[in-house]
Amino acid sequence: MKKITLPLTDEVIRELHAGESVLITGSVITGRDAAHKRLYELIEQGRELPVKLDGEVIYYVGPAPAKPGHAVGPAGPTSSYRMDKYTPALLDRGLKGMIGKGARSQEVIDSMVKNGVVYFAAIGGAAALISRSIKSAEILAYEDLGTEAIYRFEVEDFPAIVVIDSYGESVLVK
Amino acid sequence: MMQVRSIDAAQITEAVKKLFMDMNYFIGNDILDALRAARENEPSATAQNVLDQLIENHQIAREEEVPICQDTGMAVLFVEYGERVVIENGSFEQAVQEGVRRAYIDGYLRKSVVDDPVFDRVNTKDNTPALIYTTIVEGNQIRILGGCKGFGSENMSAVKMLTPSAGVEGVKQFIMDTVKYAGPNPCPPIVVGVGIGGTFEKAAMLAKKATLRPINTSHPDQRYAALENELLEAINKMGFGPAGLGGVTTALGVNIETCPTHIAGMPVAVNICCHAARHKETVI
Ligand code: SF4
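This structure is a prediction, so every number in the text was calculated from the model and none was measured.

**Student:** Honestly, the overall build of chain B in this entry has me stumped. Any pointers?
**Tutor:** Helices and strands together make up the secondary structure of chain B, namely eight helices and ten strands. Over its C-alpha atoms, taken along the principal directions, chain B stretches across nearly 55 × 50 × 45 Å. For chain B, the share of sequence-separated contacts (at least 6 apart) that also reach a separation of at least 24 residues comes to 81%. Only carbon and sulfur atoms are counted for the fraction: they give 52% of the accessible area of chain B, which is about 12,400 Å². Positive and negative side-chain charges of chain B, numbering 26 and 34 respectively, have mean locations separated by a distance of 1 Å.

Shown next, in the form of structure tokens:
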């Protein structure tokens, strides 16, 4: 299986093709509905963001609480389409990769091609398994959002599949 | 006449707490068997890989007693309350809510409920309120069927007020359209819960209840049982497959529940549930 190390460079992104299984190692940020809404509103108002997006990979997840001795609770992907409304603005700010589950809108795919971005799927519902590849979790912003806060995860051999590549090719069945 | 029985509120709280913790850690054998059979059946390596991950995930959840999925849902309970039960030291409603609260806090389950749907959307931090649907029945026991459904699949559900002339073809069409629209989003392989008949809200409740029925059971009426099988086969020909990455397993089961309805109507509700179909029953 192909192993990739973050941060993603343009060269690595160009060599990722829809359908490939990968193991991701490195640092990702997290964010889902509420955090996206806040980031988007700040971008619209032309204000500074609490996290930098440039070169980052974002994982759409709201983890369950960690049991004592665990770095993080079960943390599988949430449905990506709910982020679609906000995504192009984030990609224009330099976001290079997304990890979620399910389909994306045509606007998102167009913006991915324009900005050279890759979209991975993690397996929805395999949350306990996935959390084993998350080695640490730290809150970066929006602590008040609880599970919806923006975290930084250090991941090691995180299992994912390239479902839409930077050329706009998709393996999702329509 | 059957004796009146008193049940302490604390006993109900304990039972509800255990119900929700257990259903979140331990998947039912009906689902596990269906995943294993699907693994044998899938020709594509990607689909096999996805199913392997799901089966392994269930093992990890069981061993470590952690939730199968991070989305531990909104708690729903169908209660059959024996009319000869008296609750001591509290109220039934509060005892149930306390059980859900403790399960989600002590059991490391995710709190996913917000207080107001449109304006505030502030997390209640203990996953309450649970939704409790109660029927009063004869007897002196309380039967609780609990479920917690993630919203990835809940959001893909739909109700339609079909009229009688639509016939069985109309029913099939609506179910297929709903599943097709859901596509890869509700974490396939899915369980399709269908409610037919009653009124607008009754159809939706039946559909929810259908998702809480083990998938190795059938509707008691042969005609509906045949329809369940026919739909399952047709859905699996759609090709979405595990995680929507292609394959012959888009659904693990189709469960239909029915109810008498009005001369002018044929309401149909489709409640889509993911492969993490968590439900459990207890009798107090
Ligand atoms: S749809 Fe089900 S399996 Fe998928 S993330 Fe939601 S709860 Fe988990």
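There's plenty left to go through after this.
**Student:** Would you explain the domain arrangement of chain B in this entry?
**Tutor:** Interface size is often expressed as the accessible area that is lost when the parts come together. All names here are of chain B. Partitioning chain B into structural domains gives domain 1 (5–24 + 68–149) and domain 2 (151–277). Each of domain 1 and domain 2 was reduced to a C-alpha centroid, and the two centroids are 26 Å apart. With nine residues of domain 1 at the contact, the number on the domain 2 side is 13 residues. Between domain 1 and domain 2, a total of about 940 Å² is buried, with carbon and sulfur atoms accounting for 74% of that surface. If you sort the residues of domain 1 by the area they bury against domain 2, Phe78, Leu145 and Lys149 come out on top, with a joint share of 63%. Put simply, Lys149 and Glu154 hold a salt bridge, and the shortest N to O gap is 2.6 Å. Linking domain 1 with domain 2 are four residue pairs in polar contact (both at pLDDT 80 or more).

**Student:** Explain the site of the ligand here, please?
**Tutor:** Surveying the vicinity of the ligand reveals 14 residues, the closest of which are A:Gly125, B:Cys69, B:Cys187, B:Cys274 and B:Arg278. In this structure, the ligand is bordered by residues of chains A and B. Residue classes in the shell around the ligand are distributed as six nonpolar, five polar and three charged. Split by domain, the residues of the shell around the ligand number at least three in each of domain 1 (5–24 + 68–149) and domain 2 (151–277) of chain B.

**Student:** When you look at the side chain of B:Lys149 in this model, what are you seeing that I'm missing?
**Tutor:** All names here are of chain B. Tracing the sequence through the fold places Lys149 in strand 5 (residues 142–149). Engagement of the side chain of Lys149 in a polar contact is seen with the side chain of Ser153, the distance being 3.3 Å. In this structure, Lys149 is in contact with Gly73, Met74, Glu154, Lys208, Thr211, Asn271, Ile272, Cys273 and Arg278, ignoring residues within four places of it in sequence.

**Student:** Help me understand the interface of chain A and chain B, please; the structure alone is not making it clear to me.
**Tutor:** Contact with chain A, which involves 36 residues of that partner, is made by 35 residues of chain B. Here chain A and chain B share an interface that buries about 2,900 Å² over both sides, 60% of which is from carbon and sulfur atoms. Residues B:Glu64 and A:Arg132 are paired through a salt bridge, measuring 2.9 Å at the closest nitrogen-oxygen approach. Summed over the shared surface of chain A and chain B, the result is 13 residue pairs in polar contact (both at pLDDT 80 or more). Of all the secondary-structure elements, those providing two or more residues to the side of chain A that touches chain B are helix 5 (127–131) and strand 7 (150–164) of chain A.

**Student:** Looking at this structure, how should I read the nonpolar core?
**Tutor:** One broad trend across soluble globular proteins is that nonpolar side chains are buried collectively. Counting residues in each nonpolar core, the largest one holds 85 residues, and the members touching the most others are A:Ile24, A:Tyr59, A:Met98, A:Phe120, A:Phe153 and A:Phe158. With ten residues, the single largest contributor to this core is strand 7 of chain A. If you look at the next biggest cluster of nonpolar residues, it comprises 29 residues, including B:Ala75, B:Val96, B:Ile132 and B:Ile142.

Each value, and the rule that gives it
- Residues numbered from 1 in each chain as written.
- Chains lettered and ligands numbered in written order.
- Predicted model: local features only at pLDDT ≥ 70, side-chain atom pairs only at ≥ 80, totals over all residues.
- Heavy atoms only, no water.
- Helix = DSSP H or I, 4+ residues; strand = E, 2+ residues; numbered from the N terminus.
- Contact = heavy atoms within 4.5 Å.
- Areas by Shrake-Rupley, 256 points an atom, 1.4 Å probe, with all protein chains shown as cover.
- Lys, Arg positive; Asp, Glu negative; His and termini not counted.
- Charge placed at Lys NZ, Arg CZ, Asp CG, Glu CD.
- Domains from an automatic or database assignment.
- Buried area = accessible area lost by both parts, 1.4 Å probe.
- Salt bridge = Lys/Arg side-chain N within 4 Å of Asp/Glu carboxyl O.
- Polar contact = N/O pair within 3.5 Å; in protein donor to acceptor, adjacent residues only side chain to side chain.
- Near = heavy atom within 4 Å.
- Nonpolar A, V, L, I, M, F, W, Y, C, P; charged D, E, K, R; others polar.
- Core = buried A, V, L, I, M, F, W, Y, C linked by side-chain atoms within 4.5 Å.
- Buried < 20%, exposed > 50% of the residue type's maximum accessible area, 1.4 Å probe, protein only.

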